[in-house]
Amino acid sequence: MMLAAVFTGCANKAGTSGNSASGDTITIGGNFELSGAAAAYGSAMQRGVKLAVTKINKDGGVKVGDKKMKLKLVTKDNKSDNASAASIATNLTTQTKASAVIGPITSGAGLAALPNMTKAKVPLITPGGTQDSLTLQKNGKVQPYMFRSCFEDSFQGKALAKYVYNTMKLKNVAILGDKSTDYAQGLIKAFKGEYKGKIVTTEYYQAGDKDFNTLLTKLKSKNYDAIFVPGYYSEAGLIIRQAREMGIDKPIVGADGFADPKLVSIAGKSNASNIYYTTHFDAKAPANNKVADYLKLYKDTYGDDAGTFDALSYDAVYMIKQAIETEKSTNSVKIAEGLAKLKNFQGVTGTITMDKYHNPQKPVIVTKLMDGSEAEATAVK
């Protein structure tokens with residue numbers, strides 16, 4: 001599955017590339033899915049970003065050379081629409097004069113926004129755009145202005161395959177995947193390439209489908225140990241509910257598209273047992289001693305527990321802060337250079353080192369649900 005930090009700046013001076021902040025304020029822009037199909041993810045992204053901006057300002061701001069500057073957040077709703085995401089990218093970079101942008105959170109919207117971000121030479125960090133090709137040009141070279149705070153599909157697909165075979169000791173898997181998204185197709189490819197057991201069958205559904213009984217009936221007669229469902233919570237929740245109602249009690253495994261509370265509300269608590277999914281953050285498997293303070297801050301601020309995409313978005317802001325401070329510059333081109341150099345960055349989602357393709361290298365977490373609640377979480381390297 002899917003915060004953009006945008007720095008408010010004056011018009012580019014002659015001979016200057018990219019955008020730079022002016023005065024004592026760095027404006028962070030958010031290209032957020034606040035309505036539409038991905039609103040749950042986008043709202044989490046907004047919460048995480050706002051929390052980080054507030055915390056950084058309270059702690060004194062961002063150190064740019066010998067100067068301290070405050071952050072200002074400017075957000076816009078792309079309505080989970082790719083065309084809107086692209087136009088917002090233009091607005092944030094040319095009108096707001098963004099020096100960096102967080103979001104969109106989905107791969108499709110990120111791809112739509114990227115050309116306008118690249119044209120303006122402004123870095124974009126996606127907290128949830130996991131499609132492998134998102135950070136790559138067609139010639140295989142890295143996209144210079146696209147970064148992630150999340151890991152990519154192949155990374156989590158391979159980790160899940162290892163976990164299912166080595167840790168769960170399951171040798172036969174049936175796949176029920178979303179045929180309409182690159183996200184699901186990437187996960188299927190990575191899982192099949194890494195899994196050492198047998199793929200019994202692969203069936204497909206379409207995003208937006210509501211009735212999965214025919215597909216599940218076909219699966220029920222097969223000899224398998226688990227069902228792998230690469231897709232988003234909206235369909236996965238229904239698949240879980242209908243599978244359990246049909247008497248299928250085998251483990252159901254998925255990726256970070258499951259990582260939203262709505263999965264359980266759709267599936268029903270009593271049905272959401274023996275569910276496993278990869279995620280980027282889990283309080284039951286804290287990455288470091290920063291996590292406890294972050295969880296308390298989040299709870300005190302929002303009255304709720306922090307989720308995966310809140311944490312990834314929180315880290316995205318701090319990644320930008322680190323890049324600015326390393327480069328001693330608010331210039332967007334320099335910030336992109338700083339992000340590319342991130343090494344051993346201590347985020348709440350783990351210790352992040354950016355690889356040459358702008359993907360953060362950090363452990364994958366596998367979360368287990370029983371009766372709709374998290375029963376355990378395991379880091380998979």
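To keep things clear, this report deals only with the structure shown in the data block. Please read these numbers as outputs of a predicted model, since none were measured by experiment. (Residues numbered from 1 in each chain as written. Predicted model: local features only at pLDDT ≥ 70, side-chain atom pairs only at ≥ 80, totals over all residues. Heavy atoms only, no water.)

## As for the environment of isoleucine 365
Looking at the secondary structure, you find isoleucine 365 in strand β15 (residues 364-370). Along the primary structure isoleucine 365 and aspartate 66 are separated by 299 residues, whereas in three dimensions their C-alpha atoms are 39 Å apart. (Helix = DSSP H or I, 4+ residues; strand = E, 2+ residues; numbered from the N terminus.)

## Some remarks on the nonpolar core
The biggest cluster of nonpolar side chains holds 102 residues, and the ones touching the most others in it are Val164, Leu216, Phe258, Tyr294 and Val317. Ignoring sequence-local partners within four residues, the contact set of leucine 216 consists of Leu176, Ile239, Gln242, Ala243, Met246 and Ile248. If you look at the next biggest cluster of nonpolar residues, it comprises 14 residues, including Ile88, Leu114, Ala120 and Met146. (Core = buried A, V, L, I, M, F, W, Y, C linked by side-chain atoms within 4.5 Å. Buried < 20%, exposed > 50% of the residue type's maximum accessible area, 1.4 Å probe, protein only. Contact = heavy atoms within 4.5 Å.)

## Notes on the layout of surface pockets
If you add up the space inside the largest pocket, you get close to 780 Å³. Taken together, 34 residues line the largest pocket, and the ones lying closest to its centre are Pro261, Asp305, Ala306, Gly307 and Glu374. For the lining of the largest pocket, the elements supplying multiple residues, two or more each, are α1 (39-58), α8 (262-267), β11 (275-279), α9 (290-302), α10 (308-327), β15 and β16 (373-380). Residue composition of the lining of the largest pocket, by class: 17 nonpolar, six polar and 11 charged. (1 Å grid on protein atoms, 1.4 Å probe; cavity = no way out; pocket = protein on both sides within 12 Å on 5 of 7 lines; lining within 4 Å. Points joined across faces, edges and corners; volume = space filled by probe spheres on them. Nonpolar A, V, L, I, M, F, W, Y, C, P; charged D, E, K, R; others polar.)

## Structural notes on the pairing of strand β8 (residues 198-205)
As judged from the seven bridges shared by strand β7 (residues 172-178) and β8, these two strands associate in the parallel manner. Opposite glycine 177, over in β8, you have tyrosine 204 as the bridge partner. (Pairing = 2+ DSSP bridges.)

## Focus: a positive patch on the surface
A cluster of basic residues, Lys63, Lys68, Lys70 and Lys328, forms a positive patch at the surface. In this structure, lysine 63 sits in strand β2 (residues 62-64). The exposure class of lysine 63 is partly exposed, given its relative accessible area of 42%. (Patch = residues over 30% accessible without salt bridge, like charges linked within 9 Å, V, L, I, M, F, W, Y side chains within 5 Å. Areas by Shrake-Rupley, 256 points an atom, 1.4 Å probe, with all protein chains shown as cover. Salt bridge = Lys/Arg side-chain N within 4 Å of Asp/Glu carboxyl O. Lys, Arg positive; Asp, Glu negative; His and termini not counted. Charge placed at Lys NZ, Arg CZ, Asp CG, Glu CD.)

## Concerning the sheet that holds strand β3 (residues 67-77)
Strand order in the open sheet formed by six strands is β2-β3-β1-β4-β5-β6, and the pairing between neighbours is mixed. Looking at strand neighbours, the two that pair on one side only are β2 and β6 (146-148), the edges of this open sheet. When strand β4 (residues 101-102) meets strand β5 (residues 124-126), the two strands line up parallel, connected through two bridges. Bridge pairing in β5 links isoleucine 102 to isoleucine 125. Lying on the sheet, α1 is in contact with β1 (25-32), β2, β3 and β4; it crosses β3 at an angle near 160°. (Axes fitted to C-alpha atoms, helices over the stretch in contact; angles between N-to-C directions.)

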